[in-house]
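If you want the building blocks of each chain, they are given just below.
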Amino acid sequence: MTLRTGHIGLNVTDLDRSLAFYREILGFALIGEGKEEGRRYAFLGDGEKLVLTLWQQAEGAYAPDRAGLHHLAFEADSVERVEEYERALRSYGADFAYEGVVAHSEGAASGGIFFHDPDGTRLEISVPSGAEGAPAPVESAPTCGFF
């Protein structure tokens, strides 16, 4: 397979609010933006590479019962870094699906935190290892599947 994920585009209801969340809480850098009324957007990344585009086009919150994006997952360097994000998100008042770092499945080394952005979009920050011993809140399916 030769395809890789290039970037993710999310519709948001309030670009300013979402920019604050993704920049100040999650640490994305603003790469570029459109400020024309009715056509506002922002390109976010790691300073060099585009990762996420926010489009102010939504009129309502994210709806998990509709076809489309299930959740957006970011990978951190360590479980300690995931815990740092968790503290920042809790200070912000983010809505979490589970308490603390949880395993992706029973006995898995991978795991992370599961939460929602200001529009309710389901987000995950995880690590491929380091979550050994963390609880798996769902036994019959991957943790990221139903939150």
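Residues numbered from 1 in each chain as written. Predicted model: local features only at pLDDT ≥ 70, side-chain atom pairs only at ≥ 80, totals over all residues. Heavy atoms only, no water.

Caption draft 1: Spotlight on the environment of valine 138. In this structure, valine 138 sits in the segment after strand 9 (122-127). According to the relative accessible area criterion, valine 138 is buried, its value standing at 19%. Considered as a pair, valine 138 and arginine 66 are 72 residues apart in the sequence and their alpha carbons are 22 Å apart. (Helix = DSSP H or I, 4+ residues; strand = E, 2+ residues; numbered from the N terminus. Buried < 20%, exposed > 50% of the residue type's maximum accessible area, 1.4 Å probe, protein only.)

Caption draft 2: Seen up close, the pattern of salt bridges. Applying the stated criterion across every chain yields a total of six salt bridges. Close ionic contact of aspartate 119 with arginine 17 constitutes a salt bridge, the shortest N to O distance being 2.7 Å. With a gap of 102 residues between them, aspartate 119 in the loop between strand 8 (111-116) and strand 9 and arginine 17 in helix 1 (residues 15-25) connect regions that are remote in the sequence. Its relative accessible area of 33% is what places arginine 17 among the partly exposed residues. (Salt bridge = Lys/Arg side-chain N within 4 Å of Asp/Glu carboxyl O.)

Caption draft 3: Highlighting the packing of aromatic side chains. Within the structure shown, the criterion is met by 10 aromatic pairs. Ring geometry for phenylalanine 21 against tyrosine 22: centres 5.0 Å apart, planes inclined by 85 degrees, an arrangement best described as edge-to-face. In this pair, the class of phenylalanine 21 matches that of tyrosine 22, namely buried. With a centroid separation of 6.5 Å and an interplanar angle of 50 degrees, the aromatic rings of tyrosine 22 and phenylalanine 28 are classed as tilted. (Phe/Tyr/Trp six-rings, centres within 6.5 Å; stacked < 30°, edge-to-face > 60°.)

Caption draft 4: Here's a closer look at helix 1. All of the buried residues in helix 1 are Leu15, Ser18, Leu19, Phe21, Tyr22 and Ile25. The N-capping residue of helix 1, defined by a side-chain oxygen 3.1 Å from the backbone nitrogen of aspartate 16, is aspartate 14. Of the residues flanking the end of helix 1, it is glycine 27, one or two places downstream, whose phi is positive at about 85 degrees. (Polar contact = N/O pair within 3.5 Å; in protein donor to acceptor, adjacent residues only side chain to side chain.)

Caption draft 5: Spotlight on the sheet that holds strand 4 (residues 50-56). Read from one edge to the other, the open sheet built from four strands follows the order 1-4-3-2, with strand pairing classed as mixed. Taken across any chain shown, the strands that pair with only one partner, and hence form the sheet edges, are strand 1 (8-12) and strand 2 (29-34). On average, adjacent strands in this sheet sit at an angle of 20 degrees to one another, irrespective of strand direction. (Pairing = 2+ DSSP bridges. Axes fitted to C-alpha atoms, helices over the stretch in contact; angles between N-to-C directions.)

Caption draft 6: Here's a closer look at the nonpolar core. One finds Tyr22, Leu26, Leu54, Leu89, Ile113, Phe115 and Ile125 to be the most contacted residues of the largest nonpolar core, which totals 32 residues. The biggest single contributor to this core is helix 1, with five residues. Residues within four places of phenylalanine 115 in sequence aside, it is in contact with Phe21, Leu26, Leu89, Asp95, Phe96, Ala97, Thr121, Arg122, Leu123, Glu124, Ile125 and Phe147. One finds Tyr98, Val102, Cys144 and Phe147 within the second-largest nonpolar core, a separate group that totals seven residues. (Core = buried A, V, L, I, M, F, W, Y, C linked by side-chain atoms within 4.5 Å. Contact = heavy atoms within 4.5 Å.)

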